[in-house]
Amino acid sequence: MMKRVSILLALGVLAACGASQSETELPQTPSSIFPDAEVPDAFNRAYSLTESMDGNVRVFAREHRDVTKLYEMRKQSDGSWSEPAELDFPTRNKLTTPSFSFADGMLYYASDIDILDRGQRDANLWRVALDGEGWGTPEHLPASINDGAEQLNPAMDREGRLYFTSNGYDSVGGHDIFEARFDEASGDWTVSKMPDGFNDAKADAHVAVTPDGERLFFYSHRQPKLGVVDIWTAERDETGTWGIPYNLGEPVNTAGIDFGAGLSADGSVLFFSRDGVLMEIARTAALAGSDVTGSQK
């Protein structure tokens, strides 16, 4: 089912490089993606904004009480964005956590549609390719990823390393973050746990990874925190080992609900949701703030 990711690595690198902006053009404080939109309530929230590798398509998830759908926006000839349009991918009630891959350019997401040939009736990871002005045919990832538990929150870096959350495998919390790598020899995926201390006893979710795969963003209920949930981040050290996550702090996190991280095509802009409102800020500005203890990062 899954084709080799490595074939398309160069495509992701070139497209991401072509979408870069100068630092002065990037939002230095959190600003709304839809400044004139009506403020959502607790039952109607948008999150997980992601951008295609050419910077011309944006996709996000929006809740409507018990139903979650994906919506796309296309960049117009004058540089503006089209109105959000619902995407018609296979689902029962939930299409969620979209993320364009920095490796193959495809859109990865989760759907609760049944995978009948395997008898799976839970949330699983899917992917679909952009096809001109439309989309290709969605395909679910293999059983080495979708193991019969819930899989959500996919994010893939340029090297083809896939991060996602699951309440299966050896999860210690409601949903833990896992890393998967494609094995060229076997033609399948190998899933591994994150280091000890990375995942929390409560759910970790809404994963975003930088193009180089050196930093993750996700939301967590863990302490210390500013609000109901906060966005946390972690980076690799010089040996390639993941460090312990830390709270991103202000100006991203507030006393409210901050979640749903995503990244722009070149990784320079962090998208997130504040109480269900889609926001953006330069990644460097997000990382330059103060954590919850008041210290500078």
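In what follows, the structure referred to is the one given above.
Residues numbered from 1 in each chain as written. Predicted model: local features only at pLDDT ≥ 70, side-chain atom pairs only at ≥ 80, totals over all residues. Heavy atoms only, no water.

Caption draft 1: Structural view of the packing of aromatic side chains. By the definition in use, this model includes 12 aromatic pairs. Geometry around Tyr-71 places Arg-62 over its ring, the cationic atom sitting 4.8 Å from the centre. Over the face of the ring belonging to Phe-43 we find Arg-65, whose NZ or CZ atom lies 4.2 Å from the ring centre. (Phe/Tyr/Trp six-rings, centres within 6.5 Å; stacked < 30°, edge-to-face > 60°. Lys NZ or Arg CZ within 6 Å of the ring centre and 35° of its normal.)

Caption draft 2: Looking closely at the layout of surface pockets. A volume near 780 Å³ is recorded for the largest pocket. Every residue lining the largest pocket is counted, 38 residues in all, and those nearest its centre are Ser-32, Ile-33, Phe-34, Met-73 and Leu-278. Elements represented by at least two residues in the lining of the largest pocket include exactly strand E2 (46–51), strand E3 (57–64), strand E21 (269–274) and strand E22 (277–282). Its residues placed into classes, the lining of the largest pocket shows 17 nonpolar, 10 polar and 11 charged. What the second largest pocket holds in volume is close to 370 Å³. Looking at the second largest pocket, it is lined by 21 residues, and the ones nearest its centre are Arg-45, Tyr-47, Glu-63, His-206 and Tyr-219. Elements that contribute at least two residues to the lining of the second largest pocket include exactly strand E6 (95–100), strand E12 (151–156) and strand E16 (204–209). (1 Å grid on protein atoms, 1.4 Å probe; cavity = no way out; pocket = protein on both sides within 12 Å on 5 of 7 lines; lining within 4 Å. Points joined across faces, edges and corners; volume = space filled by probe spheres on them. Helix = DSSP H or I, 4+ residues; strand = E, 2+ residues; numbered from the N terminus. Nonpolar A, V, L, I, M, F, W, Y, C, P; charged D, E, K, R; others polar.)

Caption draft 3: Quick peek at empty space enclosed by the protein. By the definition in use, this model includes 1 cavity of 30 Å³ or more. Looking at the largest cavity, its volume works out to about 130 Å³. Lining of the largest cavity is provided by 19 residues; of these, Pro-98, Ser-99, Val-207, Ala-208 and Gly-262 occupy positions nearest its centre. Only E2, E6, E12, E16 and strand E20 (258–263) provide two or more residues apiece to the lining of the largest cavity.

Caption draft 4: Geometry of the pairing of strand E14 (residues 176–183). Taken across its 8 residues, E14 has 6 buried, putting it largely inside the fold. As paired strands, strand E13 (residues 162–166) and E14 are joined by 5 bridges and run antiparallel to one another. Looking at E14, one finds that Tyr-163 is bridged to Glu-179. Sheet topology note: the E14/strand E15 (residues 188–193) ladder contains 6 bridges and is antiparallel. Of the residues in E15, the one forming a bridge with Phe-178 is Lys-193. Linking E14 to E15, which pair antiparallel, is a turn of 4 residues; within it Gly-187 sits at a positive phi near 70 degrees. (Buried < 20%, exposed > 50% of the residue type's maximum accessible area, 1.4 Å probe, protein only. Pairing = 2+ DSSP bridges.)

Caption draft 5: Spotlight on the environment of Gln-151. Topologically, Gln-151 is positioned in strand E12. Look at Gln-151 and you get buried, because its relative accessible area is 0%. Residues Gln-151 and Asn-124, spaced 27 residues apart in sequence, show a C-alpha to C-alpha distance of 4.9 Å. Looking at Gln-151, its side chain comes within polar contact range of the side chain of Asp-147, at 2.7 Å. Among the polar contacts made by the side chain of Gln-151, one reaches the side chain of Ser-166 at a distance of 2.8 Å. (Polar contact = N/O pair within 3.5 Å; in protein donor to acceptor, adjacent residues only side chain to side chain.)

Caption draft 6: Layout of the environment of Pro-98. Examined against the element boundaries, Pro-98 turns out to sit in strand E6. Looking at Pro-98, the relative accessible area reads 6%, which means it is buried. Spatially, the C-alpha atom of Pro-98 lies 9.7 Å from that of Tyr-71, the residues being 27 residues apart in sequence. Residues contacting Pro-98, with those up to four places away along its chain left out, are Ser-48, Thr-50, Val-59, Phe-60, Ala-61, Leu-70, Leu-107, Tyr-108 and Tyr-109. (Contact = heavy atoms within 4.5 Å.)

Caption draft 7: Representation of the sheet that holds E13 in the model. Overall, antiparallel pairing links the 4 strands, which are arranged E12-E13-E14-E15 in an open sheet. One side of each edge strand has no neighbouring strand; the edge strands of this open sheet are E12 and E15. Across this sheet, the average inter-strand angle for adjacent strands is 30 degrees, counted without regard to direction. (Axes fitted to C-alpha atoms, helices over the stretch in contact; angles between N-to-C directions.)

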